There are 2 protein chains.
Amino acid sequence: MSATIRAEVLTIGDEILFGQITDTNTQWIGTQLTDIGIRPIRKTSVGDNRQHILDALQEASQRVDVVIITGGLGPTRDDITKHTLCAYFGTSLEINQDALALVTSFFEKRGRAMTDLNIQQAALPLNATYVPNLWGTAPGMWFDHENVVYVSLPGVPYEMKNLMEFEILPRLKARFATPVIIHKSVRTIGIGESFLAETIAAWESALPEHIKLAYLPHFGQVRLRLTGTSPDEVVLRQELQAQVDLLVPQIEEYIFGYDGDDLETVVGTLLLQAGATLGTAESCTGGFVAHQITAVPGSSAYFEGSVVSYSNRIKTTVLGVSAQILEQYGAVSEQTAREMAEGARRVLNTTYAIATTGIAGPTGGTPEKPVGTVWIACATPDETFTQLLTLRNNRKINIELTSSYALNLLRKTILKTNLAVKD
Amino acid sequence: MSATIRAEVLTIGDEILFGQITDTNTQWIGTQLTDIGIRPIRKTSVGDNRQHILDALQEASQRVDVVIITGGLGPTRDDITKHTLCAYFGTSLEINQDALALVTSFFEKRGRAMTDLNIQQAALPLNATYVPNLWGTAPGMWFDHENVVYVSLPGVPYEMKNLMEFEILPRLKARFATPVIIHKSVRTIGIGESFLAETIAAWESALPEHIKLAYLPHFGQVRLRLTGTSPDEVVLRQELQAQVDLLVPQIEEYIFGYDGDDLETVVGTLLLQAGATLGTAESCTGGFVAHQITAVPGSSAYFEGSVVSYSNRIKTTVLGVSAQILEQYGAVSEQTAREMAEGARRVLNTTYAIATTGIAGPTGGTPEKPVGTVWIACATPDETFTQLLTLRNNRKINIELTSSYALNLLRKTILKTNLAVKD
C-alpha cells in the first residue's frame, strides 16, 4: 500500500483543548477521507497559538500528503490561523476580490452592514487557491506546497461539511489517484447488533476480501455498511448488489431502507404514494416526532400537524382523551396512547396519526411503570395499532428511540393497511 | 507563565482516525486537566501502529510535562500500546502480582474463566507504577521518566473516567505545583460575533495578560469565555467577576445567561419563578421549540403543550386563526403569527404562548417573502409581541435559529411583563 495517500486532520482552537466544545468535525472528516480512499493517520488539535500551529504544520508536512485544517478563521482576534499560514508559507495576506464580492453579497442579502473585520475575512495568503464558501463568511483555502496539499476550512460544522462535500473532496479525488471505493448500506430497525450479527454470520464470513462490512448502530437502528474497494467500478457495483441480494431475504422484516434512506423520508414517500396524510399526538416525545417529520423538505405535502399534549389537561381538552381512561389506566397506558392517536386523527383530520406517551425520565417512574416505560400507537381509518417500549433511564435517548419506533410503527402500518403502496 | 504545567492527550486506535467511533474521552480529559490547572496544549490521535505511537510519544516528550495516553490496552492483538511503551522506555513486560490478583478476582466475581490473554493484561513495563483499575481488566500505568509524567489508561470511557477521577488527577495535583485556571462564560444571543467584538473592543484590549477571551458562536448565540490563570484562586475569582461586571453593561440586552445556562433552562427558571405556564404554536419549526423546552427534565411543571399547525387548515380549525387573515396577509405574516400565539394561549390555556411561522426552505420562497422569512410572536395576558427574522437558505439552521430567537423573545417578554421575576 505504498501508494496510500495519507492525511492528517488539524483542528485549531483553545475551546477544543479545554474540552469546552465537542469536536465532531474530525470524526466526520475521518469518515469522508476514508470514503474516498485517503487514509487518515493522525489527528492533531492545538490552541490558538501561533508557534503551536506552526509546529503542527511543520510536523504534519513530514508525514502526510494532505493536511485538513479546521478552525481559527472567524473574524475575531483570537482567530489567527490565516496569519499563521502566511508565516508558514512565507507569504502575506491580500484581499481576494472574488472572496470580497461573495462576503459583500452575503451581507447585502441580509441587509446587514459589513464591518472592517468582515472585509478582512476576504484577505487570503497570496499562494492560496480561493475556495468559495456559500454557507458563511470565512472563505476556504487550498494550498499545494512542496507536494503536500493543505486545506484550511472554518470550524463551524455546517460550513465545513458543505465545503468538504462540494469543493474539497472532489478536488482531492482529482488531485490524487485514489482507488474506487463504493459503499452500500442496508438500514434496519428493531433488531440488536449482536442478534443481527448472529443472523447473518454465514453470509458475513463468506464476503470476499475486498468487501468489508461495518455495523453502525444508532438509536435502535443498525446500518449495515458494505465497503468495496476495486480498480473496476462497474464490476464492484455488481458484486456489492449481489451481496445485498443475498443478505436481504435473511433480515427482510427489519429493513426499512438503503443507503441515504432514513425513517422520516421513507415514511414520507409511503404517505405520498398512498395519497395519505399524517398527524401526531405527542406526550413524552414533546414534539420531537413532528420535528423529525418536518425536517424533511416537502413534508407539508402529507404532514398536517401535531398536538403536543404534555399535560393531561391538554390530552382531554384538545385531543378528547376521556378523563375516565386517564383516571383508570393512567397517562402512560395502552388505552391512553390509543385514544391520543384516535383523537389526533379526528382533531387534525388525517388518514393516519401516531401517538407517544411514556416516562422519559430521569424522574417520574414507579415500580409498575419504571422510567423508560413508553406506549406508542398508530391510528388508521379502520383500526389502531399499539406497541409497548421498555427503554432505559436516559431522557434524551428515550425521546429519540420512541420517535424512531413510532415512525417504524407507522411505516409497518401503512404497508399493512394500504394495498396501493404494496405494489 | 513559565510555571504552567502543559499536557498532551494522546489517543490510540484506528477506529478513531477512521471516524468509526466518537472520541468523547479527549474532551472530558481536557476539562478535567483544565480544572486542576494543567493546561492541555495539544491533542493527538494515532492508529494502532508501533512507529506512529513511538513518534507521538517522542514528540510529546519535547513539549509537555504530562502525557495522558488512552486506548490500546485491550487483550486483543491489535492493542499494542503496552509493548510500544516498553520499546519507548527501553524496558520489558513482567507480570505484576497486584495486577494479577485484581484481574483474577475480577473474573472470579463474575464466575468467568481467565484466558492467557487476560493474564497478559497483568503484565506491566518494569518502570511502570501500577494504578489499580477497579472498573475493568486493563490496569492503569504511571511513568515518571526524564521529568515527564506519562499516564496510560484504557480507552473504555467508564474505566478511563474512574481511573482519572480516583487515581490520576489526585496524583497529578500532588506531583505538580499547579496554578489555578478558572473559566467564566457570558452567553449572548441576537448579536453577531463581529459586531460583538467591535462593541467590546476597548474592554477586550484592556484585559490583563493572565485573562484570555474566546468567542464561541452557536446558532445565533455567542458564548464569551474568559479564562484566567493565577496562583491565587480567591484573587482570580474576584478579577474575573470584576471583568464581567465591566462587560455586562456594554451588552446587557444580548445576555441571556452565564456559564452552563442555556435558553431553554433560563426560560424554564423564569416561568417557574413567575408561576407561569407556556404553550407553543409552531408552523415552520414543526415542533422543534416544544422539543427544546421538553428536553429539560421537569419542564412539565410549566409546559402545557403545543399545536404544530403545519397546514393552514390546522391554523384555522385548531388555533382559530381567521381564514380572512390567512387570505389577506398569508400564513407567513405578522398578523398570522400574532393570531397563532393568541390562539395557542386560548386553546392551551397558558400564561404565555410563542408562535413561529416562516419559510424554512429550501423551496417555497417568493420575491416578497424569500426563503428564511420568519415571523415569531409571543402572547401574554395583556399584549402580544412580534418579531421578523431574516434567515438564510438552510432548512435545518432556519428551524434551530427560529427556535432560539422564539425562546429569547419569550425570555425578554417575561422579564418585561412579569414584575415578580424582575427582582
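The preceding data block contains the structure.
Along each chain, residue indices are assigned from 1 in the same order as the chain's sequence is written. Each chain is given a letter, starting from A, and each ligand a number, starting from 1, according to the order in which they appear as written. Note on the predicted model: pLDDT of at least 70 is required for a residue's local features to be given, and 80 or more for side-chain atom pairs to be given and counted; whole-chain, interface and lining totals, by contrast, use all residues. Heavy atoms from the whole structure form the basis of all side-chain values; hydrogens and water molecules are not counted.

1. Quick word on the environment of leucine 126 of chain A
All names here are of chain A.
Turning to step 1, where the next piece is worked out: With respect to the helices, strands and loops of the structure, leucine 126 is situated in the loop between strand 5 (123-125) and strand 6 (129-131).
Turning to step 2, where the next piece is worked out: Separated by 40 residues in the primary sequence, leucine 126 and cysteine 86 have C-alpha atoms spaced 8.2 Å apart.
Turning to step 3, where the next piece is worked out: Only heavy atoms matter for contacts: two residues are in contact if any of them lie within 4.5 Å across the pair. Apart from residues no more than four positions distant in its own chain, leucine 126 is found in contact with Thr91, Ser92 and Glu94. For helices the rule is a DSSP run of H or I covering at least 4 residues; for strands it is a run of E covering at least 2, with both sets numbered from the N terminus onward.

2. Quick look at the side chain of serine 230 of chain B
Turning to step 1, where the next piece is worked out: As for its position among the elements, serine 230 of chain B is in strand 11 (residues 221-230).
Turning to step 2, where the next piece is worked out: Once residues within four sequence positions are removed from consideration, serine 230 of chain B is found in contact with Pro179, Val180 and Leu236 of chain B.

3. Some remarks on the sheet that holds strand 15 (residues 352-358) of chain A
Turning to step 1, where the next piece is worked out: Pairing between two strands requires that DSSP report at least two bridges joining them. Read across the sheet, 10 strands follow the order 17(A)-16(A)-15(A)-13(A)-14(A)-14(B)-13(B)-15(B)-16(B)-17(B) without closing on themselves; strand pairing throughout is mixed. A single partner strand is all that each edge strand has here, and the edge strands are strand 17 (384-390) of chain A together with strand 17 (384-390) of chain B. Ignoring strand direction, the axes of neighbouring strands in this sheet form an average angle of 10°.
Turning to step 2, where the next piece is worked out: Direction of pairing for strand 13 (residues 278-282) of chain A relative to strand 14 (residues 303-309) of chain A: parallel, over a ladder of five bridges. Across the sheet, residue threonine 280 of chain A finds its bridge partner in strand 14 of chain A, namely serine 306 of chain A. Every axis in this analysis is a line fitted to C-alpha atoms, fitted for helices over the stretch in contact. Angles between the N-to-C directions lie between 0 and 180 degrees.

4. Thoughts on the interface of chain A and chain B
Turning to step 1, where the next piece is worked out: Listed as interface residues are 73 residues of chain A and, on the opposing side, 74 residues of chain B.
Turning to step 2, where the next piece is worked out: When a carboxyl oxygen of Asp or Glu is within 4 Å of a side-chain nitrogen of Lys or Arg, the pair counts as a salt bridge. The interface formed by chain A and chain B contains six salt bridges.
Turning to step 3, where the next piece is worked out: Polar contacts here mean pairs of N or O atoms no more than 3.5 Å apart (in protein, one a potential hydrogen donor and the other a potential acceptor; neighbouring residues in sequence count only if both atoms are side-chain atoms). There are 39 residue pairs in polar contact (both at pLDDT 80 or more) connecting chain A and chain B.
Turning to step 4, where the next piece is worked out: It is strand 2 (residues 38-46) of chain A that provides the largest number of residues to the side of chain A that touches chain B, a total of eight residues.
Turning to step 5, where the next piece is worked out: When residue character is reported, Ala, Val, Leu, Ile, Met, Phe, Trp, Tyr, Cys and Pro are called nonpolar, Asp, Glu, Lys and Arg charged, and the others, Gly included, polar. When grouped by side-chain class, the residues that make up the side of chain A that touches chain B number 29 nonpolar, 26 polar and 18 charged.
Turning to step 6, where the next piece is worked out: The pairing of strand 14 of chain A with strand 14 (residues 303-309) of chain B spans five bridges and is antiparallel. Counterpart to serine 306 of chain A in the pairing with strand 14 of chain B is valine 308 of chain B.

5. Focus: the side chain of asparagine 118 of chain A
Turning to step 1, where the next piece is worked out: Relative to the elements of secondary structure, asparagine 118 of chain A occurs in helix 6 (residues 116-120).
Turning to step 2, where the next piece is worked out: A relative accessible area of 2% means that asparagine 118 of chain A is categorised as buried.
Turning to step 3, where the next piece is worked out: A distance of 2.8 Å separates the side chain of asparagine 118 of chain A from the side chain of threonine 115 of chain A, its partner in a polar contact.
Turning to step 4, where the next piece is worked out: Non-local contacts of asparagine 118 of chain A, meaning those with residues more than four positions away in its chain, are made with Val103, Phe107 and Ala113 of chain A together with Ser194 of chain B. Each residue is placed in one exposure class: buried if its accessible area under a 1.4 Å probe, protein chains only, is under 20% of its type's maximum, exposed if it is over 50%, and partly exposed if it falls in between.

6. What about the packing of helix 11 (residues 263-274) of chain A against helix 16 (residues 395-417) of chain A?
Any two packed helices are characterised by how steeply their axes cross, that is the angle between the axes, and by the distance between the axes.
Residues and elements named next belong to chain A.
Turning to step 1, where the next piece is worked out: Two numbers describe how helix 11 lies on helix 16: the axes approach to 10 Å, and their chain directions differ by 25°. Judged by the angle between their axes, helix 11 and helix 16 are roughly parallel. Helix-helix and strand crossings are classified by hand; for helix 11 and helix 16 the assignment is left-handed. Across from Leu263, Glu264, Val266, Val267, Leu270 and Leu271 in helix 11, the residues of helix 16 making contact are Ser404, Leu407, Asn408, Leu410, Arg411, Ile414 and Leu415.
Turning to step 2, where the next piece is worked out: For the contact of helix 11 with helix 16, the residue count by class is nine nonpolar, two polar and two charged. Any angle between 65 and 115 degrees counts as roughly perpendicular, while under 35 counts as roughly parallel, over 145 as roughly antiparallel, and the rest as oblique. For any helix crossing, the convention is left-handed if the near helix is rotated counterclockwise from the far helix by under a right angle, and right-handed if that rotation is clockwise.

7. A look at helix 11 (residues 263-274) of chain B
Residues and elements named next belong to chain B.
Turning to step 1, where the next piece is worked out: If you check helix 11, its first and last C-alpha atoms are 16 Å apart, about what 12 residues at 1.5 Å a residue would give, namely 16 Å.
Turning to step 2, where the next piece is worked out: Leu263, Glu264, Val266, Val267, Gly268, Leu270 and Leu271 are the residues of helix 11 that are buried.
Turning to step 3, where the next piece is worked out: Within two residues after helix 11, glycine 275 carries a phi angle of roughly 60°, on the positive side. In a helix, the anticipated span is given by 1.5 Å times the number of residues less one.

8. Looking at the sheet that holds strand 1 (residues 5-12) of chain B
Turning to step 1, where the next piece is worked out: Read from one edge to the other, the open sheet built from 12 strands follows the order 6(A)-7(A)-8(A)-3(A)-1(A)-2(A)-2(B)-1(B)-3(B)-8(B)-7(B)-6(B), with strand pairing classed as mixed. The sheet is open, and its two edges are formed by strand 6 of chain A together with strand 6 (129-131) of chain B, each paired on a single side. Sheet twist, expressed as the mean angle between neighbouring strand axes with direction ignored, is 15°.
Turning to step 2, where the next piece is worked out: As defined by bridge partners, strand 1 (residues 5-12) of chain A adjoins strand 2 of chain A across eight bridges and the pair is classed as parallel. Across the sheet, residue isoleucine 12 of chain A finds its bridge partner in strand 2 of chain A, namely valine 46 of chain A.
Turning to step 3, where the next piece is worked out: Together, strand 1, strand 2, strand 3 (66-70) and strand 8 (148-153) of chain A together with strand 1 and strand 2 (38-46) of chain B form the strand contacts of helix 3 (residues 50-63) of chain A, whose direction differs from that of strand 2 of chain A by roughly 165°.
Turning to step 4, where the next piece is worked out: Helix 2 (residues 25-35) of chain B rests against strand 1, strand 2 and strand 3 (66-70) of chain B of the sheet, and its axis sits at about 165° to strand 2 of chain B.

9. Focus: helix 2 of chain B
One turn of the α-helix equals 3.6 residues, which is why residues spaced by three or four share an orientation.
Turning to step 1, where the next piece is worked out: Taking burial as the measure, the 11 residues of helix 2 of chain B include eight buried ones, the bulk of the element.
Turning to step 2, where the next piece is worked out: Along helix 2 of chain B, the residues classified as buried are Asn25, Thr26, Trp28, Ile29, Gly30, Gln32, Leu33 and Thr34 of chain B.
Turning to step 3, where the next piece is worked out: Looking at the buried positions of helix 2 of chain B, the neighbouring elements they touch are helix 1 (14-17) of chain A together with strand 1, strand 2, strand 3, helix 7 (157-175) and strand 9 (180-189) of chain B.
Turning to step 4, where the next piece is worked out: Taken from the residues just after helix 2 of chain B, glycine 37 of chain B is the one with a positive phi, measuring 85°.

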